[in-house]
Amino acid sequence: MAIAQTTEHHEIIDVTRAQRPRVLMVVANPATSTTLNIPVGFWAAELTHPYYEFTRARYEITIASPDGGRVEMDAMSDPRDASRWSADDLITMGFVNTPELAVLLDDTAVLADLDHDDFDAIVVCGGQSPMFTFRGRKDLATTIGAFHAAEKPTAVLCHGTCALLDVVADDGTPFITGKTMTGFANVEEDFSDQALGRTVMPFRIQDEASALGANFVTGGLFRAFAVRDGNLITGQQQYSGAKVAQMVIESLGI
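This structure is a prediction, so every number in the text was calculated from the model and none was measured.

> How should I be thinking about the pattern of salt bridges in this particular structure?
It is possible for side chains of opposite charge to pair when their charged atoms get near one another. According to the stated counting rule, one finds 9 salt bridges in the structure shown. Between Arg-22 and Asp-120 there is a salt bridge, with the nearest N and O atoms lying 3.6 Å from each other. Of the two residues, Arg-22 is situated in strand S1 (residues 22–26) and Asp-120 in the loop between strand S5 (109–110) and strand S6 (121–124); the sequence distance between them amounts to 98 residues. On the basis of relative accessibility, which here comes to 16%, the residue Asp-120 falls in the buried class. Each of the salt bridges in this network shares a partner with another, and the network as a whole consists of Asp-67, Arg-137 and Asp-139.

Structural data, given as structure tokens:
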């Protein structure tokens, strides 16, 4: 049965301009953990939960990765995984079972090929792969710095915040010095190490950021938590994606 005006039944939102905000979402490319020797990727909820919030606000979203191409979710973040670690993540379940969304992970844009001026905000997602692939990526650090310098909402989640460790301010000092931020916390690293009986990550973001002079704050073990310092928005872990997206939306005011 054909139904006319199929777009007009959606939730009514206040629209203050014809062109909706454009958000660049960055995820990590697949890699191999050097500590556990297993395949690692991005954490699904850190993409899908902000994606959902931005979709509700009618934002336009582009998914990119440093190297472009196909990207993979961390296995334990996939609600279909046998571990059932994320079995209650219905938003991600909806994403992976919607063909037009799932296909977006097959061929992500190359980050360096994109024009920063085409976007109003950036969200860098985390997961396990960022800890093995984000450090030393000048293209990623430069992109983050450019968005912040342009006074655009610059959001980073969970282990993705390791990318902030390489961003340098105009005066040559570490970008995060004196800034309030969060990220995957030591209490959560402790939990992960104890659960697996091995050291999971090659370094700890909380320790590294604090050593660079950041005011690193946390909300407690696996509590949804995000903090804003000017245009910099950071989320603690995978449960903080919606809060981060809501802060971006509030920052844009549209």
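> Where do I start with helix H1 (residues 44–56) in this structure?
Given 3.6 residues to a turn, an α-helix orients residues that are three or four positions apart in the same direction. Here H1 contains 13 residues, and its C-alpha end-to-end distance of 18 Å stays within 8% of the 18 Å for a straight helix at 1.5 Å per residue. Burial of H1 is extensive: 10 of the 13 residues sit out of reach of the surface. Along H1, the residues that are buried comprise Ala-44, Ala-45, Glu-46, Leu-47, Thr-48, His-49, Pro-50, Tyr-51, Glu-53 and Phe-54. Arg-58 lies just past H1 and shows a positive phi near 65°.

> Any chance you could explain the environment of Leu-165 here in plain terms?
Assignment of secondary structure puts Leu-165 in the loop between strand S7 (154–157) and strand S8 (180–181). Residue Leu-165 is classed as buried on the basis of its relative accessible area, which comes to 9%. Each C-alpha atom of the pair Leu-165 and Arg-135 lies 7.8 Å from the other, and the pair is 30 residues apart in sequence. Apart from residues lying up to four places away in sequence, Leu-165 is in contact with Arg-135, Ile-176, Phe-203, Glu-208, Ala-209 and Leu-212.

> Would you explain the sheet that holds strand S10 (residues 226–229) in this entry?
As a general point, the strands of a sheet are linked pairwise by backbone hydrogen bonds and lie either parallel or antiparallel. If you walk across this open sheet you meet the 7 strands as S5-S4-S1-S6-S7-S11-S10, and the pairing is mixed. Each edge of the open sheet carries a strand with a single partner, namely S5 and S10. Relative to strand S4 (residues 60–65), S1 runs parallel, the two being bridged by 5 bridges. Among the inter-strand pairings, Leu-24 is bridged to a residue of S4, identified as Thr-62. Helix H5 (residues 138–149) contacts S1, S6, S7 and strand S11 (232–235) of the sheet and is inclined by roughly 140° relative to S6.

Calculation notes
- Residues numbered from 1 in each chain as written.
- Predicted model: local features only at pLDDT ≥ 70, side-chain atom pairs only at ≥ 80, totals over all residues.
- Heavy atoms only, no water.
- Salt bridge = Lys/Arg side-chain N within 4 Å of Asp/Glu carboxyl O.
- Helix = DSSP H or I, 4+ residues; strand = E, 2+ residues; numbered from the N terminus.
- Buried < 20%, exposed > 50% of the residue type's maximum accessible area, 1.4 Å probe, protein only.
- Expected span 1.5 Å × (residues − 1).
- Contact = heavy atoms within 4.5 Å.
- Pairing = 2+ DSSP bridges.
- Axes fitted to C-alpha atoms, helices over the stretch in contact; angles between N-to-C directions.

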